[in-house]
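# Summary of structural features
Below, each chain spelled out in residue letters.
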Amino acid sequence: MYTRARYTRATANVIKVMYFLLYAGFAAWMTLFYVYLNDDCHLSGMHIGIIAATQQLNNLIFLPLWGMIADKFGRKKMFLFTLGVSILLLFVFMNHGSFLYFFLFMILFSAIYNPIASLLDAIALEMSNDTGSVVSFGQMRLWASLGWALSSAATGYFVKSEYLSLIFPISSALFLITWLISWFLYKHRSTPHHEAGFSLSTLKNLVVGDKRLMYFFIFICLFYILNSPIMMFINLYYNEIGGTNMHIGLAFAVQSLCELPFFFWGQKFIDRFGSRKLMMFTMLVAAVRMFLYGATSNPWMAIAIGSMHGITLGLFMVAAVDFVHTLVPSHQKSTGQSLLYTFLGLGTCIGNFANGFFKDLLSLKIAMLVNGGLIVVLV
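So, here is what we can say about the structure in this document. Source: prediction; values computed, not measured. The residue numbering used here restarts from 1 in each chain and proceeds along that chain's sequence as written. Reporting of local features is limited, given that this is a predicted model, to residues whose pLDDT is at least 70; pairs of side-chain atoms are given and counted only at 80 or more, and all residues count toward the totals for whole chains, interfaces and linings. With hydrogens and water stripped out, all remaining heavy atoms of the structure feed into the side-chain values.

Turning to the packing of helix H14 (residues 266–273) against helix H15 (residues 275–295), a few remarks are in order. Geometry is summarised by axes, namely lines fitted to C-alpha atoms with helices restricted to the contacting stretch, and by angles between N-to-C directions that run from 0 to 180 degrees. Segments assigned H or I by DSSP are reported as helices when at least four residues long, segments assigned E as strands when at least two residues long, and all are numbered from the N terminus. Relative orientation of the contacting elements H14 and H15 amounts to 110°, with a least axis distance of 7 Å. Classified by the interaxial angle, the pair formed by H14 and H15 is roughly perpendicular. Mapping the contact onto sequence places Phe269, Ile270 and Phe273 in H14 and Ser275, Lys277 and Leu278 in H15. Residue polarity follows a fixed list, in which Ala, Val, Leu, Ile, Met, Phe, Trp, Tyr, Cys and Pro are nonpolar, Asp, Glu, Lys and Arg are charged, and the others, Gly among them, are polar. Classifying every residue of the contact of H14 with H15 gives 4 nonpolar, 1 polar and 1 charged. With respect to orientation, any angle under 35 degrees is reported as roughly parallel, any angle over 145 as roughly antiparallel, any angle of 65 to 115 as roughly perpendicular, and every other angle as oblique. Residues count as neighbours in contact if any of their non-hydrogen atoms are within 4.5 Å of one another.

Following this line, the structure appears as structure tokens:
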């Protein structure tokens with residue numbers, strides 16, 4: 001019992017540090033990436049939308065494959081591989097290339113980079129299940145929000161407009177520290193590999209075999225089509241209403257900090273209300289949030305509105321991850337979580353095409369109003 005308790009505490013703490021540093025690395029480049037494409041590389045809104053869509057479209061192709069590979073060969077191995085390659089590839093973004101350059105490179109980069117988050121989620125969920133109620137997934141995942149908050153605030157404050165390309169080496173450095181900690185400190189408990197796990201027919205049976213799972217994936221895909229303006233394009237929204245890099249960094253920090261209580265107590269909400277009701281509630285809050293964004297041109301007011309992010313992302317993700325985790329077999333947990341991110345990414349991909357159109361022809365404020373109304377209809 002002592003050995004198990006010691007393993008539980010030590011491993012949970014390492015996973016928390018991994019979440020903190022990994023999402024700090026995510027935030028270091030993603031907070032200002034589309035601003036970088038707009039200001040430094042002079043791409044149009046439509047071009048940025050296509051690149052953002054490409055970044056998410058690869059989820060549909062590669063995330064399920066990475067999930068199956070991880071279930072067969074080990075989650076830690078695949079996490080270290082994808083993170084290690086991403087450390088090197090990030091530097092390629094520093095070349096101020098054309099739209100075609102970024103479009104083609106994003107295909108390669110996102111194929112390797114996109115599975116990282118879902119692989120760490122699968123590791124944390126495995127740890128949570130292994131310890132029963134001792135350490136919940138949300139209590140580990142909240143450290144990701146804290147890392148994102150601190151990193152995005154620091155990035156927005158310290159990285160000036162004329163040095164936007166610095167976001168890539170900063171992110172790589174944080175990823176490298178995460179990789180080293182994962183390699184040396186994370187003690188992965190070996191689990192049996194399942195030869196049936198790596199099979200496209202198995203993947204098809206997993207999605208189609210359970211109607212609840214299939215309908216859920218379709219539903220969240222539709223939701224994320226409409227929810228996409230407050231995800232990938234929110235930094236350009238702040239640009240549109242006159243916000244600075246400091247506003248953008250602070251906005252992301254506020255959003256992430258507001259996620260913390262919902263990740264910490266998310267399981268209690270699930271136990272009391274159930275995953276399905278919680279997701280419906282978070283979607284309605286997302287619609288209200290988008291209406292408010294569409295009604296203001298004040299960056300400080302928009303930052304305050306972003307405090308709803310704890311509900312619209314934090315509580316939503318805890319409920320969605322829990323829903324998927326309860327439906328898939330134990331030996332396909334990585335595949336199940338990767339499929340969740342796949343359909344979220346597909347929805348965001350389709351939404352980003354529309355966002356680029358709205359940005360060039362109308363405005364992202366109008367996109368907020370239109371999509372908010374459609375979310376109400378969807379719910």
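Having seen the structure, we can now continue with the description.
Turning our eyes to something else, we now look at the packing of H15 against helix H19 (residues 364–378). Relative to each other, H15 and H19 sit at 155°, their axes nearing to 8 Å. Considered as vectors, H15 and H19 are oriented roughly antiparallel to each other. Every pair of crossing elements has a handedness; the one defined by H15 and H19 is left-handed. Here Met283, Ala287, Met290, Phe291, Tyr293, Gly294 and Ala295 of H15 come into contact with H19, specifically with Lys365, Met368, Leu369, Asn371, Gly372, Gly373, Ile375 and Val376. Its residues placed into classes, the contact of H15 with H19 shows 10 nonpolar, 4 polar and 1 charged. Less than a right angle of anticlockwise turn of the near helix away from the far helix marks a crossing as left-handed, whereas a clockwise turn marks it as right-handed.

All right, on to the packing of aromatic side chains then. For any two aromatic rings, the description comes down to two numbers: the centre-to-centre distance and the angle of the planes. For this analysis, a ring pair means two rings from Phe, Tyr or Trp (six-membered ring only for Trp) whose centres lie within 6.5 Å, classed as stacked if their planes differ by under 30 degrees, edge-to-face if by over 60, and tilted for the remaining angles. Summed over the entire model, instances satisfying the criterion amount to 36 aromatic pairs. Look at Phe33 and Phe93: their rings are 5.1 Å apart centre to centre, the planes differ by 70°, and that puts the pair in the edge-to-face class. With Phe33 in helix H2 (residues 33–39) and Phe93 in the loop between helix H4 (75–89) and helix H5 (99–113), this residue pair connects regions lying 60 residues apart in the sequence. Across the pair, Phe93 and Phe33 agree in class, each one buried. When the NZ atom of lysine or the CZ atom of arginine is within 6 Å of a ring's centre and also within 35 degrees of its normal, the charge is said to sit over that ring. Just above the ring of Tyr23 sits the side chain of Arg141; from NZ or CZ to the centre is 4.7 Å. The side chain of Lys160 reaches across the aromatic face of Tyr157, ending 5.5 Å from its centre. Burial status follows relative accessibility: with a 1.4 Å probe on protein chains alone, a residue under 20% of its type maximum counts as buried, one over 50% as exposed, and anything between as partly exposed.

On to the environment of Glu126. Tracing the chain through its elements places Glu126 in helix H6 (residues 115–130). With a relative accessible area of 18%, Glu126 lands in the buried category. When the C-alpha positions of Glu126 and Arg75 are compared, they lie 10.0 Å apart, and in sequence the two are 51 residues distant.

Without a salt bridge and with relative accessible area above 30%, a residue can belong to a patch; like charges are then joined within 9 Å and nonpolar side chains (Val, Leu, Ile, Met, Phe, Trp, Tyr) within 5 Å. Each accessible area is a Shrake-Rupley estimate made with a 1.4 Å probe; only the visible protein chains count as cover when residues are assessed. For this document, the term salt bridge refers to a Lys or Arg side-chain nitrogen within 4 Å of an Asp or Glu carboxyl oxygen. Residues Phe357, Leu361, Leu362, Ile366, Val370 and Leu374 make up a contiguous nonpolar surface patch of about 520 Å² in total accessible area. The leading source of residues in the nonpolar patch is H19, at 3 residues. Within the secondary structure, Ile366 sits in helix H19. By relative accessible area, which is 34% here, Ile366 ends up partly exposed.

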